[in-house]
Amino acid sequence: MKQCSKCKKSKELSEFYAQKGGKLGKRGACKQCVKEYASLPSTRKRNNAACRAYYQENKDKNRVKRAKRRAALKRALCDCCSSKDYTSFEATRPEGDYHLDHIIPLSKGGKHCLKNFQWLTAFDNRSKKDKIVS
Ligand SMILES: [Zn+2]
Ligand SMILES: [Zn+2]
């Protein structure tokens, strides 16, 4: 007989899985407890290959999305400003909740250029978007 480390019940040795180096060559927990542990939702999730595949797929999708955004910005880069100019424009950010805005949106062929930059509050940005829609 051997006592299960989980349910504390004394069970026949045949009720324990064999484990090298374990007490009496058996696992500490009985077969019943090991099975119960394996069927816990958290354990199943970790062992779920489909779940891992989904995560991997999502990661790939996000990578593609990021690469596309980077490419769009690169295409929109102008010839007249250097990245140093962009940094100095950043320094002119007004006090408060202002966002860098492209006067002509990049999606409308606007350039990522000092001449196309303005500072807008989140509120201005919303009303501007409304204007474009109407
Ligand atoms: Zn047990
Ligand atoms: Zn420029």
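The rules behind each value
- Residues numbered from 1 in each chain as written.
- Chains lettered and ligands numbered in written order.
- Predicted model: local features only at pLDDT ≥ 70, side-chain atom pairs only at ≥ 80, totals over all residues.
- Helix = DSSP H or I, 4+ residues; strand = E, 2+ residues; numbered from the N terminus.
- Rg over C-alpha atoms; globule rule 2.2 N^0.38 Å.
- Buried ≥ 20, exposed ≤ 12 C-beta atoms within 10 Å, placed from the backbone.
- Contact = placed C-beta atoms within 7 Å.
- pLDDT = per-residue confidence, 0-100.

### Side note on the overall build of the protein
- When you go through the protein residue by residue, the secondary structure sums to five helices and six strands.
- Across the protein, helices and strands are ordered from the amino to the carboxyl terminus as β-β-β-β-α-α-α-α-β-β-α.
- Scaling as 2.2 N^0.38, a compact globule of 134 residues should have a C-alpha radius of gyration of about 14 Å, whereas the protein reaches 31 Å, well beyond that.
- If one aligns the C-alpha atoms of the protein with their principal axes, the spans along those axes are about 85 × 30 × 30 Å.
- Here the protein, with 134 residues, has 3% of them falling under the buried criterion.
- Of the contacts made within the protein by residues no fewer than 6 positions apart, 35% connect residues no fewer than 24 positions apart.

### Some remarks on the confidence of the model for the protein
- With 92% of its residues at a pLDDT of 70 or more, the protein shows a mean pLDDT of 85.
- Per-element averaging of pLDDT across the protein places helix α2 (residues 41-47) at the bottom with 68 and strand β2 (residues 10-11) at the top with 96.

### Description of unusual backbone geometry
- Positive phi, close to 65 degrees, is recorded for Lys-8, a residue that is not glycine.
- The exposure class of Lys-8 is exposed, given the 9 C-beta atoms found within 10 Å.

### Section: the environment of Leu-114
- Looking at the secondary structure, you find Leu-114 in the loop between β5 (98-102) and β6 (117-121).
- Leu-114 gets classed as partly exposed once you count the C-beta atoms within 10 Å, which come to 14.
- When the C-alpha atoms of Leu-114 and Ala-49 are compared, they prove to be 49 Å apart, with 65 residues separating the residues in sequence.
- Beyond its immediate chain neighbours, meaning those up to four positions away, Leu-114 contacts Cys-81, Asp-85 and Phe-89.

### Topic: the environment of Thr-87
- By secondary structure assignment, the location of Thr-87 is in helix α4 (residues 83-90).
- For the pair Thr-87 and Leu-106, spaced 19 residues apart in sequence, the C-alpha separation works out to 19 Å.

### A few points about the environment of Tyr-17
- Its location among the elements puts Tyr-17 in strand β3 (residues 16-18).
- Once the C-alpha coordinates of Tyr-17 and Glu-95 are considered, the two residues, 78 residues apart in sequence, prove to be 67 Å apart.
- When near neighbours in sequence (up to four residues on either side) are disregarded, Tyr-17 contacts Lys-26, Arg-27, Lys-31 and Val-34.

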